[in-house]
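Examining the three-dimensional arrangement
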Amino acid sequence: MLLLIALAHAHMYLSGHEAGFRGYALDGGALDRLVAGTQILLVDGRALPMFAALFGYGLVQLANRQLATGRSWPQARGTLRRRSLWLLAFGFCHALLLFFGDILGAYGLVGLVLVGFIRREDKVVLRAAVVGLVLHVVILFGFGLLTVSAPKGDTPAAMADPIEAIVMRLIGWSGMTPTYFAASVVPAFLFGIWAARRRVLEDPVAHRDLLSRVALLGTGLAVVGGVPLTLIDTRIWTPSDMVAVSTYALHSVTGIAGGLAYAAVIGLAVDRMRRGRPGPVVRALTACGQWSLTCYLLQSVIFVAVFAPYFGGLGTRVGDAAASGIAVVTWLATVVLAALLAPGGRRGPAEAALRRLTYSRR
């Protein structure tokens, strides 16, 4: 999950190029266009829904743990909302200091607003998810129209003045957080709640058929729905503006199916891994998962140090392929760090802070 997030974010730090719908340079070389096309097809708009589905899944687990200790639902709900409020605050600080495309704020917002769906009936949850899908298409279609009608400048991550960058990051975050919430997070979040009630990922053996169907169908939908925009953003196809906007919306909505498919693939992989003794790679990935919030924030720290004009300055000197290579190395560094420090139950600094702030009253 964190690898896909790193790949989806790294190119946002580049500047000096005309960009397409997903922010990749339209004038890149052959390798840049190949990398951009691959990520548009398989990563962009797919990683965020997977993150949202797993967030909804995890919120149900947190609620169940609270209820298992004898707390009432209003008490458990209060704890989850307090945690979500602090997650929103983490997102604000992340945007203030590092990255305008923060996603923590959207998850904090969805936890605050939609935590009650944990206790709603399945049909209510699924109906709300369908409404969220419709809203997703409408909002993304509007964003597509805005993209083709307005010139696209550099992102706040590429601004040379640190103070101006801070102001623009906060403005961008203030608009993107409710947009992420309404357009990208809600449907996958609700599907994650539905899956958590059935312990789909905790008991993959019992749900192998469901996971297999979701993995195959979701991946197929994501690939088919992503091909048109991939052709457009790599300059292989140049349709009319309305067709291009439609392909952008199609890419985004099928990305939700892709995100759910990736989560299902992970469930199937865990099913196979449980049959043997976990090796060093699995243990390292497990450690990274336990430090996921810290590792996510560390990605932005490294990207700013490497790409920002007022630090490393590579954002104006490399293309999409190099940015993705740096993203992979960054992710690997966080995996190694977590693998070295997590054993023995040590929490990451961000995880420890969030836990302390959430449960301080107890």
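Residues numbered from 1 in each chain as written. Predicted model: local features only at pLDDT ≥ 70, side-chain atom pairs only at ≥ 80, totals over all residues. Heavy atoms only, no water.

Naming follows an unreviewed UniProt entry, where the protein appears as Membrane protein YeiB of Streptosporangium lutulentum.

Here we take up the overall build of the protein. Helix and strand counts for the protein stand at 13 helices and 0 strands. In sequence order, the protein lays out its α and β elements as α-α-α-α-α-α-α-α-α-α-α-α-α. Taking 2.2 N^0.38 as the reference for a compact globule, 362 residues should give roughly 21 Å; the C-alpha atoms of the protein span a radius of gyration of 20 Å, in line with that estimate. Dimensions of the protein, computed from C-alpha atoms along their principal axes, come out at roughly 60 × 40 × 40 Å. Going through the 362 residues of the protein one by one, you find that 49% of them count as buried. Summarising the internal contacts of the protein: among those between residues at least 6 apart in sequence, 82% fall at separations of at least 24. Working note: accessible area of the protein is about 16,400 Å², and carbon and sulfur atoms make up 67% of it. (Helix = DSSP H or I, 4+ residues; strand = E, 2+ residues; numbered from the N terminus. Rg over C-alpha atoms; globule rule 2.2 N^0.38 Å. Buried < 20%, exposed > 50% of the residue type's maximum accessible area, 1.4 Å probe, protein only. Contact = heavy atoms within 4.5 Å. Areas by Shrake-Rupley, 256 points an atom, 1.4 Å probe, with all protein chains shown as cover.)

Relative to the helices and strands, Thr-234 is located in the loop between helix 8 (208–233) and helix 9 (241–273). A distance of 2.6 Å separates a polar atom in the side chain of Thr-234 from the backbone oxygen of Thr-230. Residues within four places of Thr-234 in sequence aside, it is in contact with Arg-33 and Gly-37. (Polar contact = N/O pair within 3.5 Å; in protein donor to acceptor, adjacent residues only side chain to side chain.)

For the coordinates displayed, the defined rule picks out 7 salt bridges. For the salt bridge of Arg-197 with Asp-122, the shortest nitrogen-to-oxygen distance reads 2.5 Å. In this pair, Arg-197 sits in helix 7 (residues 162–197) while Asp-122 sits in helix 6 (residues 122–149), placing the two residues 75 residues apart along the sequence. Note on Asp-122: relative accessible area 25%, which makes it partly exposed. In this structure, Asp-122 and Arg-198 form a salt bridge, with 2.3 Å as the shortest nitrogen-oxygen distance. Separated by 76 residues along the polypeptide, Asp-122 in helix 6 and Arg-198 in the loop between helix 7 and helix 8 bring together distant segments of the chain. (Salt bridge = Lys/Arg side-chain N within 4 Å of Asp/Glu carboxyl O.)

One can find Asp-102 in the loop between helix 4 (73–97) and helix 5 (104–114). Buried and unpaired, Asp-102 has no salt bridge, with Arg-169 as the nearest side chain of opposite charge at 10 Å. Looking at Asp-102, its side chain comes within polar contact range of the side chain of Trp-173, at 2.8 Å. Leave out the neighbours within four places in its chain, and Asp-102 touches Gly-91, His-94, Trp-173, Tyr-180 and Tyr-296. (Lys, Arg positive; Asp, Glu negative; His and termini not counted.)

In this section: the nonpolar core. What tends to happen in soluble globular proteins is that the nonpolar side chains get buried as a cluster. Within the largest apolar cluster, 82 residues are counted, with the highest numbers of intra-cluster contacts made by Tyr-107, Ile-118, Phe-189 and Leu-190. With 12 residues, the top contributor of residues to this core is helix 3 (residues 47–68). For Phe-189, the contacting residues outside a window of four places in its chain are Ala-52, Ala-53, Phe-55, Gly-56, Leu-59, Val-110 and Leu-114. Core analysis: the next-biggest nonpolar cluster, separate from the first, contains 11 residues, Phe-21, Tyr-24, Ala-36 and Leu-229 among them. (Core = buried A, V, L, I, M, F, W, Y, C linked by side-chain atoms within 4.5 Å.)

Before going further, it helps to examine helix 4. Under the 1.5 Å per step criterion, the end-to-end length of helix 4 is 36 Å for 25 residues, consistent within 8% with the ideal 36 Å. Inspection of helix 4 places Trp-73, Ala-76, Thr-79, Leu-80, Arg-82, Ser-84, Leu-87, Phe-90, Gly-91, His-94 and Ala-95 among the buried residues, and these make up the whole buried set. Taken together, the buried residues of helix 4 touch helix 3, helix 5, helix 7, helix 11 (292–307) and helix 13 (349–359). (Expected span 1.5 Å × (residues − 1).)

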